[in-house]
Number of protein chains: 4
Amino acid sequence: MNTLGNKLKVTVFGQSHAPAIGCVIDGLPAGFAPDMDRVAAFMARRAPGQNAWSTPRKESDTPEILSGLVDGRTCGAPVAMVIRNADQHSRDYSGLKRTPRPSHADYTAMVKYGENYDIRGGGQFSGRLTAPLCFAGAFALQLLEQRGITVAAHIGKIENIDDAPPDFASVSREDLEALLRKPFPVFDDTAGMNMRQAVEAARMEQDSVGGVIRCFVLGLPAGVGEPMFGGVENRLAAALFGIPAVRGVSFGTGFAAAGMRGSVHNDPFVMEDGRVRTRTNHAGGVLGGITSGMPLVVNIAVKPTASISREQETVDLETGENAPLVIHGRHDPCIVPRAVPVAEAVTALTVLDMMLE
Amino acid sequence: MNTLGNKLKVTVFGQSHAPAIGCVIDGLPAGFAPDMDRVAAFMARRAPGQNAWSTPRKESDTPEILSGLVDGRTCGAPVAMVIRNADQHSRDYSGLKRTPRPSHADYTAMVKYGENYDIRGGGQFSGRLTAPLCFAGAFALQLLEQRGITVAAHIGKIENIDDAPPDFASVSREDLEALLRKPFPVFDDTAGMNMRQAVEAARMEQDSVGGVIRCFVLGLPAGVGEPMFGGVENRLAAALFGIPAVRGVSFGTGFAAAGMRGSVHNDPFVMEDGRVRTRTNHAGGVLGGITSGMPLVVNIAVKPTASISREQETVDLETGENAPLVIHGRHDPCIVPRAVPVAEAVTALTVLDMMLE
Amino acid sequence: MNTLGNKLKVTVFGQSHAPAIGCVIDGLPAGFAPDMDRVAAFMARRAPGQNAWSTPRKESDTPEILSGLVDGRTCGAPVAMVIRNADQHSRDYSGLKRTPRPSHADYTAMVKYGENYDIRGGGQFSGRLTAPLCFAGAFALQLLEQRGITVAAHIGKIENIDDAPPDFASVSREDLEALLRKPFPVFDDTAGMNMRQAVEAARMEQDSVGGVIRCFVLGLPAGVGEPMFGGVENRLAAALFGIPAVRGVSFGTGFAAAGMRGSVHNDPFVMEDGRVRTRTNHAGGVLGGITSGMPLVVNIAVKPTASISREQETVDLETGENAPLVIHGRHDPCIVPRAVPVAEAVTALTVLDMMLE
Amino acid sequence: MNTLGNKLKVTVFGQSHAPAIGCVIDGLPAGFAPDMDRVAAFMARRAPGQNAWSTPRKESDTPEILSGLVDGRTCGAPVAMVIRNADQHSRDYSGLKRTPRPSHADYTAMVKYGENYDIRGGGQFSGRLTAPLCFAGAFALQLLEQRGITVAAHIGKIENIDDAPPDFASVSREDLEALLRKPFPVFDDTAGMNMRQAVEAARMEQDSVGGVIRCFVLGLPAGVGEPMFGGVENRLAAALFGIPAVRGVSFGTGFAAAGMRGSVHNDPFVMEDGRVRTRTNHAGGVLGGITSGMPLVVNIAVKPTASISREQETVDLETGENAPLVIHGRHDPCIVPRAVPVAEAVTALTVLDMMLE
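Being a predicted model, the structure only gives us computed values, none of them experimental.

## Overview of empty space enclosed by the protein
The tally for this structure, following the rule as stated, stands at four cavities of 30 Å³ or more. By volume, the second largest cavity is sized at about 50 Å³. If you trace the second largest cavity, you find it lined by Ser103 of chain C together with Asp267, Thr278, Asn281, Ala283, Gly285, Leu287, Ser292 and Met294 of chain D. The residue inventory of the lining of the second largest cavity, partitioned by class, reads three nonpolar, five polar and one charged.

What follows is the structure, given as structure tokens:
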């Protein structure tokens, strides 16, 4: 349910307005000394209130580590981490139980959990729960880096504006490092500027926009993954759909492959410096569930933020009548930028888990 | 690895040229009397050699049930089923180990399993392994039907030709039943004819085409699924990527949601005959990993068949040189039509598993 | 690793000298209002320093609940709980890494985790980690009680003194309730007095003693459990061996069954008030992994406390020489009494998990 | 349910009177060439009808391998194996559903599965299902042998006669090899003769006897196993309770530890030839769930065969009255000798699984 992974297990807990959120990471190799400044920097990429394009609400997401580290090194015991939830607006949320917000989990959660469901701030379905995922992912990213593996994602698309990604067969570590240095991670900064304008335009119109995140993994050896239901695609998709608002996951050329001929889509094998590579990389680095040694490319579709401030239609569950709804509070008009590190975190955790198995 | 499901577990085994393929289904409710004629009819939809648009190679896929049924009813013990592999072309496959086929699992499987990998006919990665999945799925479909749940898929797209699906909010049981009666399951038969012509054109040019399958589940109650990593999307995606050639999985409006505004994408709640519904169904029937009671809609991108008969580039792993490759044998120029029942089977197994939990 | 259960999952974290210990409970039914006073009372049964027969070290085991409860009721999100570790003796533990304590996990943990293993106070292998298990178990016990199920254990044996348990076929709810009221839970209080004297005698001689805990579950319906590897015995044993110092788990007549004839050991079926019962209950309530409706009886062998204060032999891992060892600190001469609620907790969690599946 | 293991998974299927029994082994390393003569010899140790002390019923347990082997070597795909059930006595079993056999799974299986349960010959609860386990175990034993690990069990006790095992700290590979060569594996052949007489005496009196199997694993490196719920004890117990008739599992000194003082039970560490060993091995090779490098010792209590031919009491489920029962057919008066290879098989599978993780 709230646990990700087999050999490296991350259990996430908390609700938006509970005393705290956090996670337990079990299965980390002993003796690992995480660079906590980099963990904090990585988590900051997800935090709200930092940019024009995200909500001004501030979180003081200072993680407290409760176990698993001794003198800054993992000792073999699970690493437990807690982030206190401070200063929540204590207004009345009970109305939301009467009038569920369109395209939120309010309604389905109430069907499942009944009237005890914690609807305040989205409860356990809040995007805030991705903060512990980023904490755990930051550990995984450092452990992957020690193995020569780099994970980085760009904003592939926002509304109708596409970024210009490099060729999937030749994307380089330099490309990814440049991406990781950018506050708004796109390859084409003009596209990035247009994207930000699209977000701003949506905000002005009390609306929101969606987008696509594309995550690359470089340096993965060939041969990782299991056949059929244990493939890299199966595992990554199962994990990535755990990020709120994700509506689709595809690999390499993805859904566009459906419109292609085999003669175009097939990736010819070629020898290069004594290594087997493919000339193109429509496959996105996975064949038959197993990595090919080419860059892993995974595309993640993110829907527009469901919380918009213009009036919407919903139902009043008490009266059984249709009812108008206006959602208050501040919300990101586009969560794609903040979801980028979350996608990297979940990808890193899953890839590391498969390598540890 | 080769096992799908938690409470209802299907373990698939076999290789294309092993003595047999088959599966073990554990966790079926006792007392269920599968209609074996319908199981056979369902499996026939996947079988090759039946239509102009599939390979002429014949399989005699007669499943033999080894356990789990007594007097035609499940007794609580696992149902084991075997299909003998008959009359394989006994030609030499060893060349394939030298020159892996582009976009096949040949190369990655050899990296993983070494020289002992069974490359004949695609080994354990052969599409033939989907026959046992269809067998198991046929059981699940009947059990779902007993619960008032219908599963059916259409060919949403082949190459650049799109079918015209009904509105996701109002697709009806009649729509699905009509689909299930068609040998080439599309809503718009003109589009279907054009699709078949596109397949034929690809074949004539020694090429292949991909497509999209869209699977609907009707009658699912609201409240099925778990949050975060246990959601309907996580579970279905993890299962569907086990079907060979699947490159993407999305729900409802899917990747197109990335280009939409929230005001358009959000599905307004409305009361209808005392039930909560949504006016549109961009969500595809799932909110926060939990079913909403609206039709479940999952889209599956299928790449063009990798085996094409025109000459391709590959490498000779023995000499370490680039080498041309011509693949012999008969192959579907488009596997999408035969993958439709496989998608239904895997969807049914996963949905039933979640309901049994 | 540190997670117990399938549908009801408990993840335990912490080390004896980490900032905290705690657990995450996922899968509790929503709407459950735990009686926190009874949770505290249950945890107090495990806490040290309360009786003549346990170590005088005090713990202030006040659990703080971080998530999963709203207005005292479970909301469907995981319940996370933390207990701070206060006032640890800050003496030097590094010597223990040189001279591992006999029959402790010191040595094997160092082989597994290397020099980073947290040896202070037994690290993650400390009996203190059973406090979160008791917290989780207290929830499970209340949920079982709501279903008419009572779990209680007695001290079956300490050193060579046996308690006199009731007949396994006729043990009653009153028997168990009487047990639960006793600070030293035995059926025969004279035996109990002798046991306490045996513990005291061992302490006087700087030694320790082991014992047997026998746990009963009353009110379980027939038909719970799965065949082969999913049986009640498999699941309970897998869980109970997670309690430190447990060396054996058996059901009903247990190892004594090995010395019996079938004509004696077989439990004859009889009708009683229209219900099927067995005249005897050597089976301990389980046949073929599935509950029979008779009282569930599980026996748990606990070794004598490994930490004794008399001088012992060990090795100096630095010099590679044999070396004498004197263990300082206060230790229970017999952990059996404090392990009784732990056994009840783990049994309750496992039984509830099987019922929720 | 019917699947054992994580990384190495064995799924068992079949019923006593189904067309077949068998198993699927997933996760075997590719390139392994099992010695099939030794597999057959190992399976023969479990087969009935070979000795005075087992039932004269003959099985022709010739396993047919359906997949996973190419030219005698594992290819990475699951190994599926089938044994046909031949020549079952086709007499009427329906009476058993009315009058369940004491201490059999008849009754509990009917509660769980209803009237469709396959009661013929014990159905899926039949000891015959251990034949596939032995097949899979024979593979595991050979793979362990390649890693220098030997697994062998002796009959520790039958009724009230004990074998004389070697010291747990000094049991040698030669001891185990001698054991493996004996048709009746005991260390003390006089005790063995007395055991066989006890079995014969029970048979003469239409009765049965139980016993204890003790399994040793030599050559296991230190450091295998996970803490808390992932320990060697947890995993082995969960697996061994899957063998029919097992009532208890303990490690090293086991339940006798409960009667010992710590000063006696503790195993002093000593250096020997530069290696850390323990002078005694009451722990049975496991501390804190993790192997110590000392011989692994696991004790398994087996109840007396439930099927005895003397008249017993049961109930008639149709009339709701008590009723006498006479069980027909031939049954082992003691299944302990035939369960020895089963215990070795399950132990080997579990140990190998833990090492592959």
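## Section: the interface of chain B and chain A
Facing the 97 residues of chain B at the interface are 98 residues of chain A. A combined buried area of about 7,700 Å² lies between chain B and chain A, and 61% of that area is made up of carbon and sulfur atoms. Where chain B packs against chain A, one counts twelve salt bridges. A salt bridge links Glu159 of chain B to Arg261 of chain A; the nearest nitrogen and oxygen atoms lie 2.9 Å apart. For the pair chain B and chain A, the number of links is 45 residue pairs in polar contact (both at pLDDT 80 or more). Among the elements that take part in the side of chain B that touches chain A, helix 3 (residues 106-113) of chain B stands out by supplying six residues, more than any other. Considered class by class, the residues forming the side of chain B that touches chain A number 48 nonpolar, 33 polar and 16 charged. Here strand 11 (residues 246-251) of chain A pairs with strand 11 (residues 246-251) of chain B via three bridges, running antiparallel. When the sheet's bridge partners are listed, Gly248 of chain A is paired in strand 11 of chain B with Ser250 of chain B.

## Observations concerning the pairing of strand 8 (residues 150-158) of chain C
For a regular strand, the rule is simple: side chains alternate between the two faces of the sheet. All names here are of chain C. Summarising burial for strand 8: eight of the nine residues are buried, a large majority. Two elements, strand 8 and strand 10 (residues 211-218), share eight bridges in a ladder whose sense is antiparallel. Residue pairing across strands places Ile158 opposite Gly211, the latter belonging to strand 10. Where strand 8 and strand 9 (residues 161-162) come together, two bridges link them in antiparallel fashion. Residue Ile158 lies in a different strand from strand 9, and its bridge partner there is Ile161. Counted between consecutive antiparallel strands, the loop separating strand 8 from strand 9 contains two residues, among which Glu159 sits at a positive phi close to 50°.

## Some details on the side chain of Thr108 of chain C
Among the structural elements, Thr108 of chain C can be located in helix 3 (residues 106-113). Of the residues examined, Thr108 of chain C reaches a relative accessible area of 0% and is grouped as buried.

## Looking at the environment of Glu233 of chain C
Inspection of the secondary structure assignment puts Glu233 of chain C in helix 7 (residues 232-240). Note: C-alpha distance between Glu233 of chain C and Pro185 of chain C (48 residues apart in sequence) is 24 Å. Contact partners of Glu233 of chain C, with chain neighbours within four places excluded, come to Phe251, Val286 and Gly289 of chain C together with Phe241 and Arg247 of chain D. A distance of 3.1 Å separates the side chain of Glu233 of chain C from the side chain of Arg247 of chain D, its partner in a polar contact.

## Quick word on the state of the cysteines
Residues and elements named next belong to chain A. Under the definition given, this model contains zero disulfides over all chains. Between Cys134, a free cysteine, and Cys23, which holds the nearest cysteine sulfur, the sulfur-to-sulfur gap is 10 Å. By relative accessible area, which is 0% here, Cys134 ends up buried.

## Quick word on the sheet that holds strand 3 (residues 20-26) of chain D
All names here are of chain D. Ordered in space as 1-2-3-7-4, the five strands form an open sheet in which the pairing is antiparallel. Two strands bound the open sheet, and with one partner strand each, they are strand 1 (3-4) and strand 4 (64-67). Both strand 2 (residues 9-14) and strand 3 contribute to a ladder of six bridges, which runs antiparallel. Paired with Val10 across the strands is Ile25, a residue of strand 3.

## A short note on the confidence of the model for chain A
Residue-level pLDDT values for chain A average 94, and 95% of them are 70 or greater. With a pTM of 0.97, the predicted complex shows an ipTM of 0.96.

## Let's talk about unusual backbone geometry
When glycine is set aside, most residues are seen to have a negative phi, and most peptide bonds are trans. Look at Ser103 of chain B: it is not a glycine, yet its phi comes out positive at around 65°. Topologically, Ser103 of chain B is positioned in the loop between helix 2 (94-98) and helix 3. Of note, Met228 of chain D is a non-glycine position whose phi angle comes to about 55°, a positive value. Following the sequence through the fold, Met228 of chain D ends up in the loop between strand 10 (211-218) and helix 7 (232-240).

## Structural notes on the sheet that holds strand 4 (residues 64-67) of chain A
Residue and element names in this part refer to chain A. In spatial order, the strands read 1-2-3-7-4; together these five strands make up an open sheet with antiparallel pairing. Looking along the sheet, the strands with just one partner apiece sit at the ends: strand 1 (3-4) and strand 4. Across two bridges, the pairing between strand 1 and strand 2 (residues 9-14) is antiparallel. Following the sheet pairing, Thr3 is matched in strand 2 by Thr11.

## Description of the relation of the copies chain B and chain A
Of the two same-sequence chains, chain B is brought onto chain A (RMSD 0.0 Å, axial shift 0.0 Å) by a rotation of 180°. Given the turn and translation reported, the copies of this chain are related as if by a two-fold rotation axis. In this assembly the copies share their binding face: 100% of the residues contributing to the interface of chain B also contribute to that of chain A.

## Structural notes on the pattern of salt bridges
For the structure shown, the criterion picks out 88 salt bridges over all chains. In this structure, the salt-bridge partner of Glu226 of chain C is Lys7 of chain B, at a minimum N-O distance of 3.6 Å. With one member in each of two chains, Glu226 of chain C in the loop between strand 10 and helix 7 and Lys7 of chain B in the loop between strand 1 (3-4) and strand 2 (9-14) form a pair that bridges those chains. According to the relative accessible area criterion, Glu226 of chain C is buried, its value standing at 17%. The class for Lys7 of chain B is buried, based on a relative accessible area of 17%. Put simply, Lys7 of chain B and Glu357 of chain C hold a salt bridge, and the shortest N to O gap is 3.9 Å. Taken together, the residues Lys7 of chain B in the loop between strand 1 and strand 2 and Glu357 of chain C in the segment after helix 9 (336-356) connect one chain to another. Among the residues examined, Glu357 of chain C registers a relative accessible area of 26% and is labelled partly exposed. By sharing partners, the salt bridges in this structure join Lys7 of chain A, Lys112 of chain C together with Glu226, Arg235, Asp353 and Glu357 of chain D into a single network.

## Quick notes on the packing of aromatic side chains
Scanning the entire structure with this criterion turns up 34 aromatic pairs over all chains. On the basis of an interplanar angle of 70° and a centroid distance of 6.2 Å, the ring pair of Phe168 of chain C and Phe216 of chain C is categorised as edge-to-face. Pair noted here: Phe168 of chain C is in the loop between strand 9 and helix 5 (173-181) and Phe216 of chain C is in strand 10, with a separation of 48 residues, a long-range link. The class for Phe216 of chain C is buried, based on a relative accessible area of 0%. One aromatic cluster in this structure is built from Phe32, Phe135 and Phe139 of chain A. Here Arg196 of chain B stacks its cationic end above the ring of Phe184 of chain B, 4.9 Å away from the centre of that ring.

About the criteria used
- Residues numbered from 1 in each chain as written.
- Chains lettered and ligands numbered in written order.
- Predicted model: local features only at pLDDT ≥ 70, side-chain atom pairs only at ≥ 80, totals over all residues.
- Heavy atoms only, no water.
- 1 Å grid on protein atoms, 1.4 Å probe; cavity = no way out; pocket = protein on both sides within 12 Å on 5 of 7 lines; lining within 4 Å.
- Points joined across faces, edges and corners; volume = space filled by probe spheres on them.
- Nonpolar A, V, L, I, M, F, W, Y, C, P; charged D, E, K, R; others polar.
- Contact = heavy atoms within 4.5 Å.
- Buried area = accessible area lost by both parts, 1.4 Å probe.
- Salt bridge = Lys/Arg side-chain N within 4 Å of Asp/Glu carboxyl O.
- Polar contact = N/O pair within 3.5 Å; in protein donor to acceptor, adjacent residues only side chain to side chain.
- Helix = DSSP H or I, 4+ residues; strand = E, 2+ residues; numbered from the N terminus.
- Pairing = 2+ DSSP bridges.
- Buried < 20%, exposed > 50% of the residue type's maximum accessible area, 1.4 Å probe, protein only.
- Disulfide = S-S within 2.5 Å.
- pLDDT = per-residue confidence, 0-100.
- Least-squares fit on C-alpha atoms with pLDDT ≥ 70 in both.
- Phe/Tyr/Trp six-rings, centres within 6.5 Å; stacked < 30°, edge-to-face > 60°.
- Lys NZ or Arg CZ within 6 Å of the ring centre and 35° of its normal.

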